[in-house]
Protein chains: 2
Amino acid sequence: MLGLMQQQKLLISDMIEFAEKHHGDTDIVSRRVEGDIHRSNWATIAARSRQLANALDSWQIPVGDRVATLAWNGYRHLELYFGVSGSGRVLHTLNPRLHPEQVVWIVNHAEDSVLCFDMTFLPIVQKILQDCPTVKHWVAMCDADKLPTDSGVPGLVSYEAWMSQQSTGYAWPELDENAASCMCYTSGTTGNPKAAVYSHRSTLLHAYACALPDVMCLSARDSVLPVVPMFHVNAWGIPYSAAMVGCKLVFPGPALDGKSVYELLEAEKVTLAAGVPTVWQMLLGHIKAGGLRFNFLKRTVIGGSACPPAMIQAFNDDYGVEVLHAWGMTELSPLGTLCTLKNKHLELPPDEQMKIRLKQGRAIFGIDFKIVDELGVEQPNDGKAYGDLLVKGPWVIREYFKQEGPSPLVGGWFPTGDVATVDPEGFMQITDRSKDVIKSGGEWISSIDVENIAMAHPDVAMAACIGMAHPKWDERPVVVVVKKTGSALTAAELLKFYEGKIAKWQVPDDVLFVDSIPLGATGKMLKTRLREQLADYCLPS
Amino acid sequence: MLGLMQQQKLLISDMIEFAEKHHGDTDIVSRRVEGDIHRSNWATIAARSRQLANALDSWQIPVGDRVATLAWNGYRHLELYFGVSGSGRVLHTLNPRLHPEQVVWIVNHAEDSVLCFDMTFLPIVQKILQDCPTVKHWVAMCDADKLPTDSGVPGLVSYEAWMSQQSTGYAWPELDENAASCMCYTSGTTGNPKAAVYSHRSTLLHAYACALPDVMCLSARDSVLPVVPMFHVNAWGIPYSAAMVGCKLVFPGPALDGKSVYELLEAEKVTLAAGVPTVWQMLLGHIKAGGLRFNFLKRTVIGGSACPPAMIQAFNDDYGVEVLHAWGMTELSPLGTLCTLKNKHLELPPDEQMKIRLKQGRAIFGIDFKIVDELGVEQPNDGKAYGDLLVKGPWVIREYFKQEGPSPLVGGWFPTGDVATVDPEGFMQITDRSKDVIKSGGEWISSIDVENIAMAHPDVAMAACIGMAHPKWDERPVVVVVKKTGSALTAAELLKFYEGKIAKWQVPDDVLFVDSIPLGATGKMLKTRLREQLADYCLPS
């Protein structure tokens with residue numbers, strides 16, 4: 001016996017239509033590449049998305065073709081989100097922080113037929129265009145009069161000249177809700193990058209979940225600033241959830257320094273911001289130096305990598321901003337867990353609450369997870385047992401784009417490559433990446449734990465812990481440290497700092513001071529590169 | 001090109017599994033028919049839902065068969081919600097306030113094969129059992145030792161004896177997400193009742209939407225008391241959303257008087273309550289009489305019929321409780337709109353905010369609506385033009401159960417039978433039922449407007465406005481009034497009270513004082529009955 005409900009498909013075009021109809025005059029504010037502030041609203045974004053769809057039709061771009069972007073967070077990128085996917089093409093957000101060779105590899109693998117770029121990235125386009133034969137159209141995301149005559153890009157058109165003359169009338173097609181809507185390549189620290197291909201259905205379900213009170217808690221009363229890039233897993237899904245709830249959006253463009261972000265937060269009365277720890281570090285630095293405070297910001301979502309405890313404390317204690325610690329992956333659209341307290345935790349003393357907030361959080365309905373040992377046996381949720389973290393759900397990938405060979409799933413579950421514990425309340429905590437965990441004498445040492453202690457030392461700017469081969473213990477931890485400017489910290493002092501904070505056998509065998517630690521395109525430390533750099537290193541005997 | 005995401009179905013069983021795993025020890029508190037307070041939690045509810053599924057299997061109840069309930073809000077009813085639907089049967093919540101003849105008609109129409117009832121409703125069961133040949137099993141929702149030996153119900157078993165011996169192990173089936181999960185008959189003030197048949201998919205999408213910050217804003221930090229009955233459109237979907245977010249649930253059982261509800265709100269630290277205006281009237285009366293206040297309650301969802309302005313004001317101004325005015329229908333699962341302010345409204349003065357709060361609210365993403373005139377032409381969203389309200393969305397019915405004849409949809413839209421305005425911000429306001437609106441001299445008079453003014457008079461307990469045939473104007477309004485005890489209010493005084501509050505031609509032609517106004521099973525005024533009672537009435541000339 002079937003239900004007798006309307007068979008309405010879950011489509012991205014419904015989100016922008018809803019935002020236009022019910023929240024048409026709500027602001028969309030963007031700092032542009034040129035530095036000025038641009039104001040739009042949901043009604044205008046919707047109308048221009050339809051113009052964009054007509055513009056793609058005028059070039060006869062087939063449904064399913066990939067339309068790539070190399071762009072900052074801004075209104076034109078938002079229009080591409082809805083115009084490309086809504087009309088049945090697949091939005092492919094390229095990461096401009098990758099090496100041009102990697103961009104070439106990815107564009108060819110995705111077989112992009114259109115590539116739209118912010119003028120900042122013209123140098124990348126100039127480097128790659130000869131090697132991207134599938135790209136038939138290059139679009140500079142600028143006004144017609146800003147298009148350089150000597151760009152060196154054949155047939156280059158400006159976004160505005162291309163789309164703004166089109167009709168704002170367009171009937172969004174009734175697509176299959178499982179049709180591809182967008183794709184994103186993993187940062188790929190090892191091997192070739194791999195792409196997650198999202199569907200309209202997965203994107204819309206993720207958007208519902210992302211907006212829930214225990215997740216980002218997005219409402220029409222919010223002004224939201226995604227610092228997390230729109231080229232990085234769809235800015236954690238915020239553009240979609242924002243359309244779904246009709247909140248105001250504030251885009252920082254290329255200016256991610258503390259001063260610029262702070263100015264926007266205040267001027268646009270931002271209530272929620274979202275980004276990776278490195279950006280927040282710059283923001284907190286700016287605020288502290290200037291003796292400033294947040295007048296509107298209430299919550300900040302921090303993810304991408306584990307948030308240092310000191311940062312959560314600074315936001316909470318010094319500035320009254322609630323930190324929502326999140327965990328996700330490209331393969332999860334990206335949200336998997338978010339750390340919000342339960343009813344029973346509300347009366348705990350602040351330090352007990354802080355212990356919970358340090359964890360990556362609880363599963364969002366839709367996502368299920370479990371931890372398993374090396375034999376695949378599920379481990380208890382006791383907050384102590386750790387295991388490889390596996391997930392499943394309607395916004396988790398089942399396979400990668402064009403990936404030959406066996407499915408990445410293990411019995412229907414996606415192995416995240418993270419090692420985690422889960423406490424009896426369901427709060428998950430990442431203890432390490434599977435490949436970074438240090439196996440010493442049959443026990444596992446979390447590289448993240450070792451790094452967090454070093455980071456808590458006032459003289460340490462950045463720390464990476466890696467395992468070094470050891471004849472007796474298999475591996476032993478060493479910590480690689482960038483000191484703060486002017487610090488005279490010694491290895492012995494830092495090792496002494498570990499006393500009482502960690503079991504003795506988990507204390508690193510050595511401290512190596514360096515000028516910098518290699519970072520990947522999304523700001524994560526590249527431990528593989530670090531291991532290569534330290535290939536000739538010998539542990540102290 | 002299809003997306004490459006996991007094809008996980010949207011099933012009700014996933015909700016209870018999630019609640020068990022991630023919120024297992026969160027309280028489910030019920031006041032029982034016996035009067036005592038019963039404490040359970042999500043883990044126990046989940047385990048007993050599985051026992052219930054095994055118990056249904058043991059009786060070989062086929063997938064798709066209807067399992068009916070005649071029950072108050074309580075933990076056993078909650079177990080039936082998940083055990084029946086999760087195992088593939090269709091939960092059919094019967095309204096015990098209907099006349100037994102109507103219950104018989106509905107049970108036969110639904111072809112229920114099992115009927116579970118609270119002991120309160122044994123007299124109904126005794127009256128109907130001879131006329132319900134499809135019902136093979138009657139289950140009394142009580143302990144084994146509470147089962148009366150002389151019930152007169154052949155083969156009657158107690159719920160506990162039936163299910164509590166079953167295994168708690170059960171693998172929920174992988175159903176079609178469009179399979180029927182539950183059904184609910186409309187109150188049917190005219191003609192035979194008609195049933196909406198919900199699916200797993202529609203129920204789950206509705207649950208996501210219901211929990212959103214701009215809707216009920218449900219989180220794991222909430223303690224929620226649904227006064228709205230679980231036999232009335234699934235208690236507005238709260239049981240499902242509650243499992244999805246892992247909040248605490250508090251069930252009032254049969255005790256809906258002000259004192260009992262207030263005691264539960266305080267004892268269980270309830271943060272959100274939901275119900276129809278009549279129940280809140282009793283609660284406010286109790287609080288006012290005792291000089292009490294709410295120590296925990298933050299928000300209350302009021303729907304089912306238009307909320308009197310005085311009630312919104314009392315909750316807001318006197319007790320600091322935010323009223324969330326909601327609108328929905330059985331055919332909408334039931335939520336269509338909910339009234340929460342937008343960012344731009346937060347700085348309005350309180351009386352301007354109140355004007356907005358009186359409206360039924362904005363569309364929830366998933367629901368789309370429009371207003372049309374008698375020719376089906378869409379009317380402007382200017383807050384003035386009114387029209388028949390049409391809706392569509394994935395949790396709106398496309399047809400009624402076993403309904404012959406043409407589809408109720410008009411060009412894909414469901415006509416709600418309500419007349420409404422929509423303002424430029426998207427806030428919808430019901431001005432009347434299509435069949436209640438009074439057509440006087442080519443203009444429409446809202447019966448609700450006329451009633452609200454009467455209700456604002458301190459001597460009026462209840463008021464109903466109906467149109468009476470008039471030789472010149474087609475129809476003219478009269479207002480039927482129940483005075484408060486001891487009041488000496490006269491018709492002339494009440495008519496004078498209308499002066500300046502409404503256009504002169506909209507003032508009723510007469511006031512009729514009566515002892516009571518007929519109410520339907522869900523507490524709504526039965527204007528059809530009232531019209532019958534006044535069949536011999538003549539307007540004053």
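A brief look at the structure comes next. Remember, predicted model here, so these are calculated numbers, not experimental data.

Observations concerning the interface of chain A and chain B
Taken together, the contact between chain A and chain B spans 83 residues of the former and 83 residues of the latter. Its largest share of buried area at the contact with chain B, chain A owes to Met1(A), Met5(A) and Phe365(A), together 14% of the area lost on that side. Our count for the contact surface shared by chain A and chain B stands at ten salt bridges. With its nearest N and O atoms 2.8 Å apart, the salt bridge here joins Glu177(A) to Arg201(B). Where chain A meets chain B, there are 46 residue pairs in polar contact (both at pLDDT 80 or more). Listing elements by their share of the side of chain A that touches chain B, those giving two or more residues are helix 1 (12-23), strand 8 (180-185), strand 9 (195-199), helix 7 (200-211), helix 8 (238-245), strand 16 (362-363), strand 17 (368-372) and strand 18 (386-392) of chain A. In terms of residue count, the dominant contributor to the side of chain A that touches chain B is helix 7 of chain A (seven residues). For the side of chain A that touches chain B, a count of residues per class yields 41 nonpolar, 19 polar and 23 charged.

Quick notes on unusual backbone geometry
Residue and element names in this part refer to chain A. In the segment running from Ser333 into Pro334, the intervening peptide bond is cis, with an omega of 10°. Here Pro334 shows up in the loop between strand 14 (322-328) and strand 15 (335-338). Phi at Lys402 takes a positive value of approximately 55°, unusual for a residue other than glycine.

Considering the environment of Arg357(B)
Residue and element names in this part refer to chain B. With respect to the helices and strands, Arg357 occurs in helix 12 (residues 350-357). Among the residues examined, Arg357 registers a relative accessible area of 10% and is labelled buried. Considering only alpha carbons, one finds Arg357 and Glu347, ten residues apart in sequence, at a separation of 14 Å.

A look at the packing of helix 1 of chain A against helix 2 (residues 42-58) of chain A
All names here are of chain A. Interaxial distance between helix 1 and helix 2 falls to 8 Å at its minimum, and their mutual angle equals 140°. Seen along the crossing, helix 1 lies across helix 2 with a hand that is left-handed. Note on element contacts: helix 2 touches helix 1 through Trp42, Ala43, Ile45, Ala46, Ala47, Ser49 and Arg50, opposite Ile16, Ala19, Glu20 and His23.

Thoughts on the sheet that holds strand 15 of chain A
Two orientations exist for strands paired in a sheet by backbone hydrogen bonds: parallel and antiparallel. All names here are of chain A. In space, the nine strands of this open sheet follow the order 2-1-11-10-12-13-14-15-16, with mixed pairing throughout. With partners counted over all chains shown, the strands left at the sheet margins are strand 2 (37-41) and strand 16, one partner each. The sheet contact formed by strand 10 (residues 223-226) and strand 12 (residues 272-275) spans three bridges and is parallel. Considered in strand 12, the bridge of Leu225 is made with Ala273.

Let's talk about the side chain of Thr271(A)
Within the secondary structure layout, Thr271(A) lies in the loop between helix 9 (258-267) and strand 12. The contacts of Thr271(A), once residues within four sequence positions are left out, are Arg221(A), Asp222(A), Ser223(A), Phe296(A), Leu297(A), Lys298(A) and Arg299(A).

Description of the packing of helix 10 (residues 277-290) of chain B against helix 11 (residues 309-319) of chain B
All names here are of chain B. Where helix 10 meets helix 11, the axes come as close as 11 Å, and the angle between the chain directions of the two elements is 40°. By crossing handedness, the relation of helix 10 to helix 11 is classed as left-handed. Along the contact surface, helix 10 presents Pro277, Trp280, Gln281, Leu284, Ile287 and Lys288, while helix 11 presents Met311, Ala314, Phe315 and Tyr319. Split into classes, the residues belonging to the contact of helix 10 with helix 11 amount to eight nonpolar, one polar and one charged.

Here we look at the pattern of salt bridges
Following the criterion strictly, the structure yields 70 salt bridges over all chains and no others. Between Lys342(A) and Glu425(A) there is a salt bridge whose closest N-O contact spans 3.4 Å. With Lys342(A) in the loop between strand 15 and helix 12 (350-357) and Glu425(A) in the loop between strand 19 (414-422) and strand 20 (428-433), the pair connects residues that are 83 residues apart, well separated along the chain. Judged by its relative accessible area of 17%, Glu425(A) falls in the buried class. Measuring nitrogen to oxygen at the nearest pair gives 2.4 Å for the salt bridge that ties Lys344(A) to Asp25(B). Remark: Asp25(B) occurs in the loop between helix 1 (12-23) and strand 1 (27-31) and Lys344(A) occurs in the loop between strand 15 and helix 12; the pair is interchain, linking two chains. Taking the relative accessible area as the measure of exposure, Lys344(A) reaches 37% and is therefore partly exposed.

With respect to the relation of the copies chain A and chain B
Of the two same-sequence chains, chain A is brought onto chain B (RMSD 0.1 Å, axial shift 0.0 Å) by a rotation of 180°. The symmetry that links the two subunits is that of a two-fold axis. Interface overlap between copies: 100% of the residues of chain A at the interface are likewise at the interface in chain B, consistent with a symmetric, same-surface contact.

As for the sheet that holds strand 20 of chain A
Residues and elements named next belong to chain A. Overall, antiparallel pairing links the four strands, which are arranged 17-18-19-20 in an open sheet. Only two strands of the sheet have a single partner each, and these edge strands are strand 17 and strand 20. The mean inter-strand angle of the sheet, taken between neighbouring strand axes irrespective of direction, is 45°. Two strands pair when backbone bridges link them, and strand 18 and strand 19 are joined in this way by five bridges, in the antiparallel orientation. Note on strand 19: the bridge partner recorded for Leu390 is Pro415.

Here is what the cut-offs are and how they apply
Residues numbered from 1 in each chain as written. Chains lettered and ligands numbered in written order. Predicted model: local features only at pLDDT ≥ 70, side-chain atom pairs only at ≥ 80, totals over all residues. Heavy atoms only, no water. Contact = heavy atoms within 4.5 Å. Buried area = accessible area lost by both parts, 1.4 Å probe. Salt bridge = Lys/Arg side-chain N within 4 Å of Asp/Glu carboxyl O. Polar contact = N/O pair within 3.5 Å; in protein donor to acceptor, adjacent residues only side chain to side chain. Helix = DSSP H or I, 4+ residues; strand = E, 2+ residues; numbered from the N terminus. Nonpolar A, V, L, I, M, F, W, Y, C, P; charged D, E, K, R; others polar. Buried < 20%, exposed > 50% of the residue type's maximum accessible area, 1.4 Å probe, protein only. Axes fitted to C-alpha atoms, helices over the stretch in contact; angles between N-to-C directions. Left-handed = near helix turned anticlockwise from the far one by under 90°. Pairing = 2+ DSSP bridges. Least-squares fit on C-alpha atoms with pLDDT ≥ 70 in both.

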